[in-house]
Amino acid sequence: MNCPICHSNNKDRANFCSNCGFDLKNQTPTHIKEPKPYTPERPINQPSSAKFSFEGERKLVTVLFTEISNYITLMEKISPEDVHQVMDGFFHILLTEIHKYQGTINQFTGNGIIAMFGAPLAIENHARKACLAALASQSSVKNYAITIKQKLGISFKIRIGLNSGPVVVGSIGDDLLYDYTAFGDTTYLAFMIQKAAKPGSVLLSHSVYRRVRNNFVFHTLEPFSYKASAPVKIYELKQDVTSSQSLNKPVISSTLIGRNKELNKLKLHLSKVINGEGSIINLVGEAGIGKSRLIEELKKQEAIKNVALLEGRALAFGKNLSFHPIITIFKNWAKISEKDPPVEMVRKLKNSIWGLCLHETSEIFPFVATLMGLRLSGEYQDKIKDVEDEALEKLIINSIRKLLIKSSQTVPLVFILEDMHWADTSTIDFTESLMGLIQNNRILFINIFRPGYIGTSERFLNTVTKLYPDIYTQISLQPLNRKDSETLVGNFMDIKALPFSIRKQILDRSNGNPFFTEEIIRSIIDVEAAVLKNGVFKPTAKINALVIPQTINDVLMARIDRLDKKTKNLLAVASVIGRSFFYRILADIVHPEEDFDQQLSILKEAQLIFKRNRMGELEYLFKHALTQEVVYESILQKKRIFLHLKVATSIERLFYDKLYEFYGLLAYHYGRGENLGKTEEYLIKAGEASLKSSASNEALSYFKEALNLYLNKYGDDADPEKIALFEKNIGLAYYNKGLFVNAVEHFDIVLDRFAYGFPKNRFHKAFRLVFDMLFLMAKIYLPFLQAKRKPSPKDNMVFDIFQKRGICLIYLDTKRFFIENITFIKRLTRFDLKQVDTGVYSYCSSSGIFALTGILFGLSGRILKHAERLIDKNNIKELLCYEMYNRFHQILSGQWYNCKKYNENLVVLNLKKDESGWLQPISFITAC
């Protein structure tokens, strides 16, 4: 019997697989046996009575053995389905990392793998590639194990053994089963070394060590014996030497200089929020002045452990990325990874909200999810499907406020929002709306930005200064004074040994900017004008010929130009992706066979970028935004276009299952890549998504840009209907922002395009009014004329525009509203009102309009009588609408004796249902 897991033949043993322990009798791994280790002297997968073939050759290879430690104990704690899921993910990681470094998977051993580097195809530096693969595997499995721990409650580690040497390799098996395997003492020693390794470690033999000792950091271990031979030297592999800080050019650093006053202010407000007093801090300063450095120092304080730290950052190209910093904060809070499928994202967010809000989750979750752009279904989709416009925005803000209040009752909250000068307008609006929470809750907002950005930082400063003067603090970072600048340089290197002219140039050129100062010192070290002696950098003879660049841009470019070609190109690709970039996007853009980890290590060593794990993914970040800007601006236009297109196609490929999260980003990259078709496509999608998440400012920008692209592309050949759709969306964005004059202008264009416009001539207007009034009265008083026509999607769209334009006109021009609403109702009665979206509501509202005239009460009552037959008695929205206009008619017509107490339960149910825009005209008319 062949094992369905490892495919080994088990003719001589019927109950359990002799190789992996699978329960062959019950076909279930419930009773897991420890996988029998692979022994190189015993050929595996060999049928007992098969015609055996072997054609081998000698190769010099590096063999890698890895397995999960304590496999049996761990897997007995979870179900067979979970075992399958865990191992599937585990093997996928190993396959990815081994293949990335040109290794060949030789065998799956049930709880691990055997891989070879150098066979069947010979490769250069096979030992080094095997070591890189081992480190990468350990790192990836460590991250994967964290996820499994959270999901299933089990924790596991792997151990890896490496050995280099000659082996005999070849295909082995019969006509039904072949395996490419390796024989010899080299393979067996790799296996024994792996067995000697501690969980989570990588051990290797002396033969591997000799080949890679200059490329990695090692820890020498006690020799061990096997096969009764002399002890074998073994080493623990620690890290790639380019990642080590024990290099010729170690990391330079300094304590915080000249910012004690500002740090003390931050610490004071941190202490206040812990003690129950909220506040707002705006940290303002020019690029490189030390804003991020000050925040890093705050995060080192012991008191920070007593708060929940929520961090978000705006992007340099994020003006149209709706709510990007806010979405980042909630993704981190809910531990949502970019690798998570959409369903998992929804689950994690819902569970996180449930942990705080319990039974209020169903009222809060759908609106937070909508803000984040997550796709909902079932009852949660029903919660939001009828909610739109300003109502949706208010419900989202209200839900976030409830969530933050609940959270702050558990633990104080500290929001750190960086680079807010680049934030989208919706984020600024949203953040301003949340500021009021600080007055009664344990919440501290730290907003970080550069001055001089009118629509963002200057607006934000004015708003909080005006609204919260007593609980708002501004920290403006100024350049360091001369003394502090000298201290900073002295912390980096031996300033006393510097020639006076060089020291003066450094201080004059940097002008008290800490980042500029640091980059000048790095450039001095890069050209070996200073070398490390006894732990201190001292100048060399080259210092006298040194020319200090005039600007920070010159300093950065000088440092970048000294990088090798591969590293410089990689940095250019990264700068196109953005200030931060995920490893797997970079890997997808760079040639698949390219080994760029070394280049990343060089960039980390140079302190141009740094590494972090975010949302379950490996991410790199430019140490300073200026570095990314300078590198990006140095790229030739043609290459920049090419790279933007590569980034866009990579995002489409890697995130195809949740592309809706990246519409704005794709529009940006395709736009910079000059692919007008794709740019237009994603601008429209981004605009529609922004409307759904109540980001009207960004929606307006997207649709306007898309319309301009379309008109420039097609000119006189443009499709009028498509133009009308653009105008509709622009009108909706203005409508949602409350800019009714602009909204009406665009709604008029749409109705004219679809031949639903109104006459401009006075005589024609009067004639139209009389005709429409007579037609409407005939429809109302002669029931047999009622239409049964079903509206098309286009008809429903036009009626929606009519309704929204009517709401705008209520506030702008009541006379025009009355006249044009008659035409609207007349056209509405040509269709079966039950099948028209919001048809019944619009029809009911017309009764209120006629009642307001003070003379058309009969017509108003007739409409209500007809509406009563149309409404769905199970639809609380329609019932409330009818009840309100019926009451309105009775009051205005003097039928007070018929007025009954209003149904309070009906109002409450509608509020719970979160109904929206259709109530606006009701509230207006009621007020009248």
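Remember, it's a predicted structure, so these values are computed and weren't measured experimentally.

**What to know about the nonpolar core**
Piece 1. Among the nonpolar cores identified, the biggest contains 195 residues, and Leu349, Ile524 and Leu586 are the most heavily contacted of them.
Piece 2. No other element matches helix H30 (residues 793-812), which puts 9 residues into this core.
Piece 3. Look past the residues within four positions of Ile524 in its chain and what remains in contact with it is Met493, Ile506, Ala529, Ala530, Ile543, Leu546 and Ile548.
Piece 4. Within the second largest apolar cluster, 45 residues are counted, among which are Leu64, Ile98, Ile154 and Val208.

**Here's the deal with the environment of Gln637**
Piece 1. You can see Gln637 is positioned in helix H23 (residues 637-654).
Piece 2. Spatially, the C-alpha atom of Gln637 lies 9.8 Å from that of Arg672, the residues being 35 residues apart in sequence.

**Some remarks on the side chain of Thr370**
Piece 1. Along the chain, Thr370 falls in helix H10 (residues 361-371).
Piece 2. A relative accessible area of 9% places Thr370 in the buried class.
Piece 3. Side-chain polar atoms of Thr370 contact the backbone oxygen of Pro366, separated by 2.6 Å.
Piece 4. When sequence neighbours within four positions are dropped, the list of residues in contact with Thr370 reads Leu376, Ile384, Leu392, Ile396, Lys692 and Ser693.

**Side note on helix H14 (residues 454-467)**
Piece 1. The end-to-end C-alpha separation of H14 is 18 Å, in line with the 20 Å expected for 14 residues at 1.5 Å each.
Piece 2. Within H14 the residues assigned to the buried category are Thr456, Ser457, Phe460, Leu461, Thr463 and Val464.
Piece 3. Looking at the buried positions of H14, the neighbouring elements they touch are strand E9 (279-284), helix H13 (425-434), strand E12 (443-449) and strand E13 (472-476).

**Focus: the sheet that holds strand E10 (residues 308-313)**
By definition, the strands of a sheet pair up through backbone hydrogen bonds, in either a parallel or an antiparallel sense.
Piece 1. Strand order across the open sheet formed by 5 strands is E10-E11-E12-E9-E13, with parallel pairing between neighbours. Since the sheet does not close on itself, it has two edges, and those belong to E10 and E13, each with one partner. The mean inter-strand angle of the sheet, taken between neighbouring strand axes irrespective of direction, is 15 degrees.
Piece 2. Alignment of E9 against E13, held across 5 bridges, turns out to be parallel. For Leu283, the partnering residue across the bridge sits in E13 and is Ile475.
Piece 3. Set on the sheet, helix H8 (residues 324-333) makes contact with E10 and strand E11 (413-418); between it and E10 the angle comes to about 140 degrees.

**Remarks on the packing of aromatic side chains**
Piece 1. Evaluated as defined, the whole model comprises 26 aromatic pairs.
Piece 2. Taken together, a centroid distance of 6.5 Å and an interplanar angle of 35 degrees make the contact between Tyr583 and Tyr620 tilted. In this pair, Tyr583 sits in helix H20 (residues 583-589) while Tyr620 sits in strand E18 (residues 617-622), placing the two residues 37 residues apart along the sequence.
Piece 3. Judged by its relative accessible area of 13%, Tyr583 is buried.
Piece 4. Relative accessible area serves as the criterion here: at 4%, Tyr620 is assigned to the buried category.
Piece 5. When the centroid spacing of 5.9 Å and the interplanar angle of 0 degrees are considered together, the rings of Tyr670 and Tyr682 count as stacked. Placement of the pair is Tyr670 in helix H24 (residues 663-672) and Tyr682 in helix H25 (residues 676-692), with a sequence separation of 12 residues.
Piece 6. The exposure class of Tyr670 is buried, given its relative accessible area of 3%.
Piece 7. For Tyr682, a relative accessible area of 2% translates into the label buried.
Piece 8. Taken together, the aromatic side chains of Phe90, Phe91, Phe108, Tyr144 and Phe156 make up a single cluster linked through ring pairs.
Piece 9. Positioned above the aromatic ring of Tyr632 is the side chain of Arg640, whose terminal nitrogen or guanidinium carbon lies 4.5 Å from the ring centre.

**Let's talk about helix H26 (residues 696-714)**
Piece 1. Here H26 spans 27 Å end to end across 19 residues, near enough to the 27 Å set by a 1.5 Å rise per residue.
Piece 2. Taken as a whole, H26 has its buried residues at Ser696, Asn697, Glu698, Ala699, Leu700, Tyr702, Phe703, Ala706, Leu707, Leu709 and Tyr710.
Piece 3. Among the structural elements, H13, H24, H25 and helix H27 (720-737) are those in contact with the buried residues of H26.

**A word on the pattern of salt bridges**
Piece 1. Summed over the entire model, instances satisfying the criterion amount to 33 salt bridges.
Piece 2. Between Arg816 and Asp748 there is a salt bridge, and its shortest N-O distance comes to 3.1 Å. With Arg816 in helix H31 (residues 814-828) and Asp748 in helix H28 (residues 740-753), this pair connects stretches of sequence that are 68 residues apart.
Piece 3. Judged by relative accessible area, Arg816 falls into the partly exposed class, the value being 25%.
Piece 4. Taken together, the shared-partner salt bridges connect Arg313, Glu418, Asp419 and Arg579 into one network.

**Let's talk about unusual backbone geometry**
Piece 1. Its identity is not glycine, yet Leu358 carries a phi of approximately 50 degrees, on the positive side.
Piece 2. Its place among the elements puts Leu358 in the loop between helix H9 (342-357) and H10.
Piece 3. Its identity is not glycine, yet Asn511 carries a phi of approximately 55 degrees, on the positive side.
Piece 4. Residue placement: Asn511 occurs in the loop between helix H16 (500-510) and helix H17 (514-526).
Piece 5. A relative accessible area of 57% places Asn511 in the exposed class.

**Details of the pairing of E18**
Moving residue by residue along a regular strand, the side chains alternate between the two faces of the sheet.
Piece 1. When you tally the buried positions in E18, you get 5 out of 6 residues, the bulk of the element.
Piece 2. As paired strands, strand E16 (residues 580-582) and E18 are joined by 3 bridges and run antiparallel to one another. Counterpart to Ser580 in the pairing with E18 is Leu621.

**Considering the confidence of the model for the chain**
Piece 1. For the chain, mean pLDDT is 79; residues scoring 70 or higher make up 81% of the total.
Piece 2. Note on residues 172-179: pLDDT is under 50 here. Beyond four places in sequence and across chains, it has 24 contacts.

**Quick look at the environment of Ile684**
Piece 1. Structurally, Ile684 is set in helix H25.
Piece 2. When the C-alpha positions of Ile684 and Ala706 are compared, they lie 6.5 Å apart, and in sequence the two are 22 residues distant.
Piece 3. Residues in contact with Ile684, not counting those within four places in the same chain, are Phe703, Ala706 and Phe726.

**Concerning the environment of Ile723**
Piece 1. Tracing the backbone shows Ile723 in helix H27.
Piece 2. We classify Ile723 as buried; its relative accessible area is 8%.
Piece 3. Residues Ile723 and Leu711 lie 12 residues apart in sequence; the distance between their C-alpha atoms is 8.4 Å.

**Side note on a nonpolar patch on the surface**
Piece 1. Together, Val741, Tyr811 and Leu812 give the surface a local cluster of nonpolar side chains, amounting to about 300 Å² of exposed area.
Piece 2. Among the secondary structure elements, Leu812 is positioned in helix H30.
Piece 3. The exposure class assigned to Leu812 is partly exposed, which follows from its relative accessible area of 41%.

**Looking at the packing of H10 against helix H11 (residues 378-385)**
Piece 1. Put simply, H10 and H11 touch, their axes get as near as 10 Å, and they point 75 degrees apart. Our classification of the angle between H10 and H11 gives roughly perpendicular. Residue-level inspection shows Ser362, Glu363, Phe365, Pro366, Phe367 and Thr370 of H10 in contact with H11, the latter providing Tyr380, Lys383 and Ile384.
Piece 2. In terms of residue class, the contact of H10 with H11 is built from 5 nonpolar, 2 polar and 2 charged.

**Quick look at the packing of H23 against H24**
Piece 1. Interaxial distance between H23 and H24 falls to 7 Å at its minimum, and their mutual angle equals 150 degrees. Looking at the two axes, H23 sits roughly antiparallel to H24. Two packed elements cross with a definite hand, and for H23 against H24 that hand is left-handed. On the side of H23, the interface is formed by Ile641, His644, Leu645, Val647, Ala648, Thr649, Ile651 and Glu652, while H24 contributes Leu665, Leu666, Tyr668, His669, Tyr670 and Arg672.
Piece 2. Grouping the amino acids of the contact of H23 with H24 by side-chain chemistry returns 9 nonpolar, 3 polar and 2 charged.

Reading guide: rules and limits
Residues numbered from 1 in each chain as written. Predicted model: local features only at pLDDT ≥ 70, side-chain atom pairs only at ≥ 80, totals over all residues. Heavy atoms only, no water. Core = buried A, V, L, I, M, F, W, Y, C linked by side-chain atoms within 4.5 Å. Buried < 20%, exposed > 50% of the residue type's maximum accessible area, 1.4 Å probe, protein only. Helix = DSSP H or I, 4+ residues; strand = E, 2+ residues; numbered from the N terminus. Contact = heavy atoms within 4.5 Å. Polar contact = N/O pair within 3.5 Å; in protein donor to acceptor, adjacent residues only side chain to side chain. Expected span 1.5 Å × (residues − 1). Pairing = 2+ DSSP bridges. Axes fitted to C-alpha atoms, helices over the stretch in contact; angles between N-to-C directions. Phe/Tyr/Trp six-rings, centres within 6.5 Å; stacked < 30°, edge-to-face > 60°. Lys NZ or Arg CZ within 6 Å of the ring centre and 35° of its normal. Salt bridge = Lys/Arg side-chain N within 4 Å of Asp/Glu carboxyl O. pLDDT = per-residue confidence, 0-100. Patch = residues over 30% accessible without salt bridge, like charges linked within 9 Å, V, L, I, M, F, W, Y side chains within 5 Å. Areas by Shrake-Rupley, 256 points an atom, 1.4 Å probe, with all protein chains shown as cover. Parallel < 35°, antiparallel > 145°, perpendicular 65-115°, else oblique. Nonpolar A, V, L, I, M, F, W, Y, C, P; charged D, E, K, R; others polar. Left-handed = near helix turned anticlockwise from the far one by under 90°.

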